Amino acid sequence: MSHHEQLVAIGSDSKEQEEHRLRERMARIRRRLVVLSGKGGVGKSTAAANLAVALSSRGHRVGLLDVDIHGPSIPTILGCQGSSLISDGQSILPVEVRHRLTLMSIDFLIGNKTDAVIWRGPMKFKVIQQFLCDVAWGDLDYLVVDCPPGTGDEPLSVAQLIGRPAAAVVVTTPQELAVADVRRCITFCQKADLPIAGVLENMSGYVCPQCGIHTDLFGSGGGERLSQEMSVPFLGRIPIDPRIVGCGDAGSCLMEAHPESPAAQSYLMLAGRLHEREDLWSEGQAAPLTSREAPR
Ligand code: ADP
């Protein structure tokens, strides 16, 4: 049986049973962070992976869920592509990728990596639901979810199923073009009732390691301007670091390979700042767990 068939077989209960399982699983997760971006290539997956590692290095138990169905890149960034999934017949165990950090990725279910994944909205909803309720996440301080770019079925399914407290981190680059996409992303969160932790500006300037001069390669301040304009918090800037690309290819993230670098320090600060945001994590957040229909 393929991993996908295994997952489907595990999740063949009635709707009520599924909802019950989902509630039980989500009740053991204290906080959820949904990482979104208006478009691809802005560094969303890199941010999700580094943020998860930063949170776990601060002593939190972290689960990382990669639902980027069309381009799951977290396993590459964390060096665990093609990991085998283990099931106990009741649930699937997430892959332990680091100390205090487990991962579940759509990548682990796709046999042939060159196949394009063509799934309709309801199938995406179903698979995301199964990732949430059939994976043995255990007790977590954080579940970090890496969504595909845009505002399609996957982020909507995540927002509907993930429970509360949850908050979205919207990743952008500084130039105006990316900022326009992020505007849509923020509106999406508002419509989907997903609280917004804030906007993170990635690839925000380059500091020359030789001379220390800062250059704004992609313009500057777009993320901050947008935050002000849309009245959402600005979470900070991650500078360009060419080593991020090499790290991703080598299966280790910058947080681990170059913890002293300004970008790694920025991820660490981001993790700290998010953790301290009491407005996001108070018990008062509504919990619209499931019972909604899958998108058609
Ligand atoms: P997305 O998930 O938004 O599609 P990725 O996280 O896959 O984007 O990043 C796209 C590319 O940009 C990758 O090659 C990644 O290594 C690189 N990258 C991301 N953030 C930075 C950064 N701050 N500095 C340099 N390269 C980066």
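Residues numbered from 1 in each chain as written. Predicted model: local features only at pLDDT ≥ 70, side-chain atom pairs only at ≥ 80, totals over all residues.

K.L.:
Which residues make up the overall build of the protein chain, and what values do they have?
P.N.:
Across its full length, the protein chain carries 12 helices and 11 strands. Here the protein chain holds 296 residues, and the buried ones make up 48% of them. Taking the contacts inside the protein chain whose residues are at least 6 apart along the sequence as the reference set, 81% of them involve residues at least 24 apart. (Helix = DSSP H or I, 4+ residues; strand = E, 2+ residues; numbered from the N terminus. Buried ≥ 20, exposed ≤ 12 C-beta atoms within 10 Å, placed from the backbone. Contact = placed C-beta atoms within 7 Å.)

K.L.:
Describe the environment of Glu19, naming the residues involved and giving the relevant values.
P.N.:
Here Glu19 shows up in helix α2 (residues 15-27). Note: C-alpha distance between Glu19 and Cys133 (114 residues apart in sequence) is 8.2 Å.

K.L.:
Lay out the site of the ligand with the relevant residues and their values.
P.N.:
Around the ligand lies a shell of 20 residues, among which Gly43, Lys44, Ser45, Thr46 and Ile244 are the nearest. Those elements that place two or more of their residues in the shell around the ligand are α3 (44-57), β9 (196-207), β11 (234-240) and α9 (243-250). Each residue belonging to the shell around the ligand can be placed in one class, and the counts come to 9 nonpolar, 9 polar and 2 charged. (Near = placed C-beta within 6 Å. Nonpolar A, V, L, I, M, F, W, Y, C, P; charged D, E, K, R; others polar.)

K.L.:
Hey, could you go over the packing of α2 against helix α5 (residues 121-133) for me, with residue numbers and the actual values?
P.N.:
With their axes 8 Å apart at the nearest point, α2 and α5 run at an angle of 50° to one another. Between α2 and α5, the angle falls in the class oblique. Contacts between α2 and α5 involve Glu18, Arg21, Leu22, Arg25 and Met26 from the former and Gln129, Leu132 and Cys133 from the latter. (Axes fitted to C-alpha atoms, helices over the stretch in contact; angles between N-to-C directions. Parallel < 35°, antiparallel > 145°, perpendicular 65-115°, else oblique.)

K.L.:
A description of the pairing of strand β5 (residues 95-98) should follow, citing residues and the corresponding values.
P.N.:
Relative to strand β6 (residues 101-105), β5 runs antiparallel, the two being bridged by 3 bridges. Among the inter-strand pairings, Val95 is bridged to a residue of β6, identified as Leu103. As consecutive antiparallel partners, β5 and β6 are separated by 2 residues, and within that stretch Arg100 has a phi angle of approximately 65°, a positive value. (Pairing = 2+ DSSP bridges.)

K.L.:
How would you explain the packing of α3 against helix α11 (residues 262-275) if you had to name every residue and give the values?
P.N.:
Axes are the key here: two packed helices are described by the angle between their axes and the distance separating the axes. For the pair α3 and α11, the least separation of the axes is 9 Å and the interaxial angle reads 65°. The orientation of α3 with respect to α11, classified from their angle, is roughly perpendicular. Crossing of α3 against α11: the hand is right-handed. Residue-level contacts link Asn50, Leu51, Ala54 and Leu55 of α3 to Tyr267, Leu268, Leu270 and Ala271 of α11. (Left-handed = near helix turned anticlockwise from the far one by under 90°.)

K.L.:
Quick one: what's the story with the nonpolar core, residue by residue and with numbers?
P.N.:
Counting 84 residues, the largest nonpolar core has Val34, Val35, Val144 and Val170 as the members making the most contacts within it. It is α3 that contributes the most residues to this core, 8 residues altogether. Excluding residues within four positions of it along the chain, Val34 makes contact with Val145, Cys147, Val158, Ala159, Ile162, Ala166, Ala168 and Leu194. (Core = buried A, V, L, I, M, F, W, Y, C linked by C-beta atoms within 7 Å.)

K.L.:
Give me the environment of Asp141: which residues, what numbers.
P.N.:
Mapped onto the secondary structure, Asp141 falls in strand β7 (residues 140-146). Taking the C-alpha atoms as reference points, Asp141 and Arg31, 110 residues apart in sequence, are found 6.0 Å from one another. Sequence-distant contacts of Asp141, defined by excluding residues within four places in its chain, comprise Arg30, Arg31, His60, Arg61 and Val62.

Any functional reading would require information beyond the geometric quantities listed.
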